[in-house]
Amino acid sequence: MARPLLAVLTRALPSETLFEDRLSDLSLRDRTAVLDHLDLLMPDFDLVIALPDAEKMARGLARMRGTPIIVAQPDGTLSAETEHKQFNGESADLPDEEVNHWSLPTPDPLPGDIRTAVILTRQLQDGLPELLVALLAAKRGWTVRAVAAVVERTNFRGRTRLELQGMAVHAALQIADTPRGLEPERRFPNPE
(Lines give C-alpha, C1' and ligand atoms only; values in the text may rest on other atoms or scores of the structure.)
Protein backbone atom coordinates (compact mmCIF):
# COMPACT_ATOMS: atom_id res chain seq x y z
CA MET A 1 0.00 0.00 0.00
CA ALA A 2 2.69 2.50 0.88
CA ARG A 3 4.17 2.40 -2.61
CA PRO A 4 1.30 4.21 -4.43
CA LEU A 5 1.03 6.78 -1.64
CA LEU A 6 4.81 7.12 -1.57
CA ALA A 7 4.82 7.85 -5.30
CA VAL A 8 2.10 10.48 -4.96
CA LEU A 9 3.66 12.25 -2.00
CA THR A 10 7.30 12.02 -3.01
CA ARG A 11 6.61 13.96 -6.18
CA ALA A 12 6.17 16.89 -3.79
CA LEU A 13 9.39 16.31 -1.84
CA PRO A 14 11.57 17.98 -0.60
CA SER A 15 9.44 21.17 -0.37
CA GLU A 16 7.43 21.29 2.87
CA THR A 17 4.76 23.46 1.25
CA LEU A 18 4.28 21.16 -1.73
CA PHE A 19 4.24 18.14 0.56
CA GLU A 20 1.53 19.68 2.75
CA ASP A 21 -0.52 20.64 -0.31
CA ARG A 22 -0.25 17.15 -1.77
CA LEU A 23 -1.12 15.51 1.54
CA SER A 24 -4.19 17.69 2.09
CA ASP A 25 -5.51 16.95 -1.40
CA LEU A 26 -5.29 13.15 -1.71
CA SER A 27 -7.42 11.67 -4.45
CA LEU A 28 -10.25 9.26 -3.68
CA ARG A 29 -8.08 6.41 -4.99
CA ASP A 30 -5.20 7.33 -2.66
CA ARG A 31 -7.53 7.75 0.33
CA THR A 32 -9.07 4.36 -0.41
CA ALA A 33 -5.63 2.74 -0.59
CA VAL A 34 -4.64 4.29 2.76
CA LEU A 35 -7.92 3.20 4.35
CA ASP A 36 -7.54 -0.36 3.09
CA HIS A 37 -4.02 -0.47 4.52
CA LEU A 38 -5.04 0.96 7.90
CA ASP A 39 -8.13 -1.26 8.09
CA LEU A 40 -5.90 -4.33 7.91
CA LEU A 41 -3.69 -3.07 10.75
CA MET A 42 -6.23 -1.61 13.16
CA PRO A 43 -7.53 -3.58 16.15
CA ASP A 44 -11.26 -3.84 16.76
CA PHE A 45 -12.80 -0.59 17.97
CA ASP A 46 -16.19 0.94 18.73
CA LEU A 47 -15.54 4.57 17.75
CA VAL A 48 -13.34 6.62 15.43
CA ILE A 49 -12.08 9.94 16.77
CA ALA A 50 -10.79 12.16 13.97
CA LEU A 51 -8.50 15.09 14.29
CA PRO A 52 -9.83 17.92 12.11
CA ASP A 53 -7.25 17.37 9.37
CA ALA A 54 -8.35 13.75 8.89
CA GLU A 55 -12.14 14.01 8.92
CA LYS A 56 -12.66 12.64 5.40
CA MET A 57 -10.33 9.73 6.06
CA ALA A 58 -11.98 8.99 9.41
CA ARG A 59 -15.46 9.00 7.89
CA GLY A 60 -14.26 6.40 5.39
CA LEU A 61 -12.77 4.20 8.13
CA ALA A 62 -15.93 4.51 10.22
CA ARG A 63 -18.04 3.44 7.22
CA MET A 64 -15.73 0.47 6.60
CA ARG A 65 -16.06 -0.71 10.20
CA GLY A 66 -19.65 0.40 10.81
CA THR A 67 -18.78 2.59 13.78
CA PRO A 68 -19.70 6.14 14.79
CA ILE A 69 -17.27 9.02 14.40
CA ILE A 70 -16.48 12.08 16.49
CA VAL A 71 -14.37 14.95 15.17
CA ALA A 72 -12.16 16.42 17.90
CA GLN A 73 -12.13 20.19 17.90
CA PRO A 74 -9.26 22.42 19.04
CA ASP A 75 -10.08 25.25 21.41
CA GLY A 76 -7.21 27.67 21.00
CA THR A 77 -8.15 30.32 23.51
CA LEU A 78 -8.68 30.54 27.23
CA SER A 79 -10.05 33.63 28.87
CA ALA A 80 -7.68 35.89 30.80
CA GLU A 81 -9.51 34.98 34.03
CA THR A 82 -9.01 31.27 33.38
CA GLU A 83 -5.31 31.75 32.64
CA HIS A 84 -4.94 33.84 35.81
CA LYS A 85 -6.55 31.12 37.97
CA GLN A 86 -4.40 28.41 36.45
CA PHE A 87 -1.16 30.29 36.90
CA ASN A 88 -1.98 31.19 40.51
CA GLY A 89 -2.43 27.50 41.30
CA GLU A 90 -6.16 27.89 41.96
CA SER A 91 -8.34 25.18 40.52
CA ALA A 92 -10.47 26.47 37.71
CA ASP A 93 -13.97 25.00 37.57
CA LEU A 94 -13.85 24.28 33.86
CA PRO A 95 -14.78 21.28 31.80
CA ASP A 96 -11.79 19.13 30.91
CA GLU A 97 -12.14 20.12 27.27
CA GLU A 98 -11.21 23.72 28.04
CA VAL A 99 -8.27 22.80 30.24
CA ASN A 100 -6.46 20.86 27.52
CA HIS A 101 -7.68 22.97 24.59
CA TRP A 102 -9.54 20.14 22.83
CA SER A 103 -13.16 19.05 22.90
CA LEU A 104 -15.04 15.97 21.72
CA PRO A 105 -18.42 17.30 20.60
CA THR A 106 -21.02 14.58 20.12
CA PRO A 107 -23.89 16.03 18.09
CA ASP A 108 -25.56 12.64 17.61
CA PRO A 109 -26.40 10.30 20.45
CA LEU A 110 -23.74 7.61 20.67
CA PRO A 111 -24.39 3.97 21.51
CA GLY A 112 -23.97 3.29 25.22
CA ASP A 113 -21.66 0.32 24.74
CA ILE A 114 -18.63 2.23 23.43
CA ARG A 115 -15.50 0.97 25.14
CA THR A 116 -12.64 1.34 22.64
CA ALA A 117 -11.65 4.04 20.19
CA VAL A 118 -9.00 4.81 17.63
CA ILE A 119 -7.70 8.25 16.73
CA LEU A 120 -7.08 9.11 13.09
CA THR A 121 -4.79 11.95 12.07
CA ARG A 122 -3.46 13.02 8.72
CA GLN A 123 0.05 13.74 9.95
CA LEU A 124 1.55 12.46 13.21
CA GLN A 125 4.26 14.77 14.47
CA ASP A 126 4.95 15.14 18.20
CA GLY A 127 1.83 13.22 19.25
CA LEU A 128 0.63 15.86 21.70
CA PRO A 129 -2.77 16.58 20.07
CA GLU A 130 -3.43 12.85 19.81
CA LEU A 131 -2.44 12.33 23.46
CA LEU A 132 -4.69 15.16 24.68
CA VAL A 133 -7.63 13.78 22.71
CA ALA A 134 -6.93 10.30 24.12
CA LEU A 135 -7.06 11.78 27.64
CA LEU A 136 -10.48 13.27 26.91
CA ALA A 137 -11.66 9.92 25.58
CA ALA A 138 -10.42 8.22 28.75
CA LYS A 139 -12.46 10.65 30.87
CA ARG A 140 -15.53 9.44 28.99
CA GLY A 141 -14.61 5.84 29.74
CA TRP A 142 -13.21 4.99 26.30
CA THR A 143 -9.85 3.31 25.85
CA VAL A 144 -7.83 4.55 22.88
CA ARG A 145 -6.05 1.44 21.65
CA ALA A 146 -4.43 2.88 18.54
CA VAL A 147 -3.55 6.01 16.62
CA ALA A 148 -3.57 5.81 12.83
CA ALA A 149 -1.76 8.35 10.67
CA VAL A 150 -1.61 8.82 6.94
CA VAL A 151 1.96 10.11 7.37
CA GLU A 152 4.25 9.88 10.35
CA ARG A 153 6.99 12.51 10.59
CA THR A 154 9.61 10.40 12.35
CA ASN A 155 11.87 13.23 13.54
CA PHE A 156 9.17 14.54 15.89
CA ARG A 157 9.00 11.32 17.97
CA GLY A 158 5.20 11.24 18.27
CA ARG A 159 5.23 7.45 17.98
CA THR A 160 7.41 7.21 21.09
CA ARG A 161 5.15 9.51 23.12
CA LEU A 162 2.03 7.54 22.22
CA GLU A 163 3.50 4.06 22.53
CA LEU A 164 4.76 4.92 26.02
CA GLN A 165 1.10 5.49 26.90
CA GLY A 166 0.14 2.05 25.62
CA MET A 167 -1.30 3.09 22.27
CA ALA A 168 -0.28 1.31 19.07
CA VAL A 169 0.73 3.61 16.22
CA HIS A 170 -0.01 2.70 12.61
CA ALA A 171 1.24 4.88 9.74
CA ALA A 172 0.70 4.38 6.04
CA LEU A 173 3.93 6.24 5.29
CA GLN A 174 6.91 7.44 7.34
CA ILE A 175 8.73 10.63 6.31
CA ALA A 176 12.01 11.95 7.75
CA ASP A 177 13.25 15.53 7.81
CA THR A 178 16.80 15.49 6.45
CA PRO A 179 19.32 18.19 5.50
CA ARG A 180 18.22 17.67 1.89
CA GLY A 181 14.55 18.10 2.79
CA LEU A 182 11.79 15.56 3.33
CA GLU A 183 12.58 11.98 2.38
CA PRO A 184 11.02 8.57 2.95
CA GLU A 185 12.24 7.15 6.26
CA ARG A 186 15.18 4.76 5.85
CA ARG A 187 16.78 4.68 9.31
CA PHE A 188 14.59 1.91 10.63
CA PRO A 189 12.09 -0.36 8.95
CA ASN A 190 8.44 0.54 8.96
CA PRO A 191 6.89 -1.37 11.87
CA GLU A 192 3.95 -2.31 9.69
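Relevant structure appears above.
Residues numbered from 1 in each chain as written. Predicted model: local features only at pLDDT ≥ 70, side-chain atom pairs only at ≥ 80, totals over all residues. Heavy atoms only, no water.

Caption draft 1: Representation of the pattern of salt bridges in the model. Across all of its chains, the model carries nine salt bridges by this definition. Notably, a salt bridge pairs Arg153 with Glu20, separated by 4.0 Å at the nearest N-O pair. With Arg153 in strand β6 (residues 143-153) and Glu20 in helix α2 (residues 16-24), the pair connects residues that are 133 residues apart, well separated along the chain. The buried category is assigned to Arg153, whose relative accessible area is 2%. Between Arg186 and Glu183 there is a salt bridge, with its nearest N and O atoms 3.0 Å apart. Relative accessible area serves as the criterion here: at 65%, Arg186 is assigned to the exposed category. Each of Glu20, Arg153 and Asp177 takes part in one network of salt bridges that share partners. (Salt bridge = Lys/Arg side-chain N within 4 Å of Asp/Glu carboxyl O. Helix = DSSP H or I, 4+ residues; strand = E, 2+ residues; numbered from the N terminus. Buried < 20%, exposed > 50% of the residue type's maximum accessible area, 1.4 Å probe, protein only.)

Caption draft 2: A look at the sheet that holds strand β7 (residues 168-178). Ordered by their spatial adjacency, six strands build an open sheet running β2-β1-β5-β6-β7-β8, and the pairing between neighbours is mixed. The sheet is open, and its two borders are formed by β2 (69-71) and β8 (181-184), each paired with just one other strand. This sheet shows a mean twist of 25 degrees between the axes of neighbouring strands, independent of strand direction. Here eight bridges tie strand β5 (residues 116-124) to β6, and the two strands are oriented parallel to one another. (Pairing = 2+ DSSP bridges. Axes fitted to C-alpha atoms, helices over the stretch in contact; angles between N-to-C directions.)

Keep in mind these numbers describe shape, not what the thing actually does.
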